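The chain contents come next:
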Amino acid sequence: MKTIYKSLLASGTVGAMLVMAACSAKEPAFSGIWESVKPVDVTCYFHDATSALTTISIQFATNQEYTGGPVTVSNRYQVTCPLATDSLPTGKYKASFIVKASCRGSWTYDVDDSDEILLQFNYDAFSVNIDPASIHVTPSDSIAMRQAQAKREVWTMDAQEAFRRDLLHFSTIEDVDVSKDQKMLKIEVQDPKEEIRFIRK
């Protein structure tokens, strides 16, 4: 057997076979950038929030063998919450702000189920930011705005925890289904079980 293998190797047959195997692999249909069709309600992730919705963007790239590759998840949270402090009337003011979060990682197929994708995230490439310019107070009031700006650090901590939960939510993606026209992606995630639809960007 070793003699046959050496003979094939010398003739270049093994190399050709490997090249043919690599060329037969196809880029997965879900490769590319996708954005959720509608915002996902994550109000329960933010303390005291009356509303928190997130728009999810996922970018899948591939390695040369199309067996996995880099992935980036980016979330945009729109949050509204009351301003409750001793210096402001209770229930009169509310603040809204936008959080931008992103994290890079990698994806691979589940060896037990080709319809499942496993995501692993690099938390050294984890970023969560609230743009001060995105903070608004209703009704407009200078004292209320200062109070809202002062709460930015607390809200950022809430957003970091929310994004970590979302990343955990996406650690296993099931029933990956791309439409025939390649413009729609449907996936299922667990804990809690949820179907999310995306459009190609």
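Here, the structure is the one placed above.
Figured I'd write up the structure that's included with this text. (Residues numbered from 1 in each chain as written. Predicted model: local features only at pLDDT ≥ 70, side-chain atom pairs only at ≥ 80, totals over all residues. Heavy atoms only, no water.)

**What about the overall build of the chain?**
Helix and strand counts for the chain come out as 4 helices and 10 strands. The helix and strand sequence of the chain, counted from the amino end, reads α-α-β-β-β-β-β-β-β-α-α-β-β-β. The burial tally for the chain puts 35% of its 201 residues in the buried class. Taking all contacts inside the chain whose residues are at least 6 apart in sequence as the whole, residues at least 24 apart take part in 58%. (Helix = DSSP H or I, 4+ residues; strand = E, 2+ residues; numbered from the N terminus. Buried < 20%, exposed > 50% of the residue type's maximum accessible area, 1.4 Å probe, protein only. Contact = heavy atoms within 4.5 Å.)

**Some details on the packing of aromatic side chains**
According to the stated counting rule, one finds 9 aromatic pairs in the structure shown. Relative to Y109, the ring of F30 has its centre 6.2 Å away and its plane inclined at 75 degrees; by these criteria the two rings are edge-to-face. With F30 in the loop between α2 (13-24) and β1 (32-36) and Y109 in strand β5 (residues 94-110), this residue pair connects regions lying 79 residues apart in the sequence. Here a set of aromatic residues connected by ring pairs shows up, and it is made of F30, F60, W107 and Y109. (Phe/Tyr/Trp six-rings, centres within 6.5 Å; stacked < 30°, edge-to-face > 60°.)

**Section: the side chain of D158**
Within the secondary structure, D158 is located in helix α4 (residues 152-169). Buried within the structure, D158 lacks any salt-bridge partner; its nearest side chain of opposite charge belongs to K151, at an N-O separation of 7.8 Å. Here H47 takes part through its side chain, which lies 2.9 Å from a polar atom of the side chain of D158. Ignoring anything within four residues of it in the chain, the contact list for D158 reads Y45, F46 and H47. (Lys, Arg positive; Asp, Glu negative; His and termini not counted. Salt bridge = Lys/Arg side-chain N within 4 Å of Asp/Glu carboxyl O. Polar contact = N/O pair within 3.5 Å; in protein donor to acceptor, adjacent residues only side chain to side chain.)

**Some details on the pattern of salt bridges**
Under the defined criterion, the tally for this structure stands at 4 salt bridges. One salt bridge connects K201 with E35, and the closest N-O pair in it is separated by 3.4 Å. Highlighted residues: K201 in the segment after β10 (194-200) and E35 in strand β1, separated in sequence by 166 residues. Among the salt bridges present, the one from E188 reaches K193, with a minimum N-O distance of 3.9 Å.

**Remarks on the packing of helix α3 (residues 142-150) against α4**
Two quantities define a packed helix pair, namely the angle between the helix axes and the distance between the axes. Put simply, α3 and α4 touch, their axes get as near as 5 Å, and they point 45 degrees apart. Overall, the two elements α3 and α4 adopt an arrangement that is oblique. Two secondary-structure elements touch here, α3 through A148, Q149 and A150 and α4 through R152, E153 and W155. By residue class, the composition of the contact of α3 with α4 is 3 nonpolar, 1 polar and 2 charged. (Axes fitted to C-alpha atoms, helices over the stretch in contact; angles between N-to-C directions. Parallel < 35°, antiparallel > 145°, perpendicular 65-115°, else oblique. Nonpolar A, V, L, I, M, F, W, Y, C, P; charged D, E, K, R; others polar.)

**Some points on the pairing of strand β8 (residues 172-178)**
In the case of a regular strand, side chains alternate between the two sheet surfaces. Where strand β6 (residues 113-130) meets β8, 2 bridges bridge the pair, whose relative direction is antiparallel. Bridge pairing links L118 to T172 in β8. Where β8 meets strand β9 (residues 184-189), 3 bridges bridge the pair, whose relative direction is antiparallel. Paired with V178 across the bridge in β9 is L185. (Pairing = 2+ DSSP bridges.)

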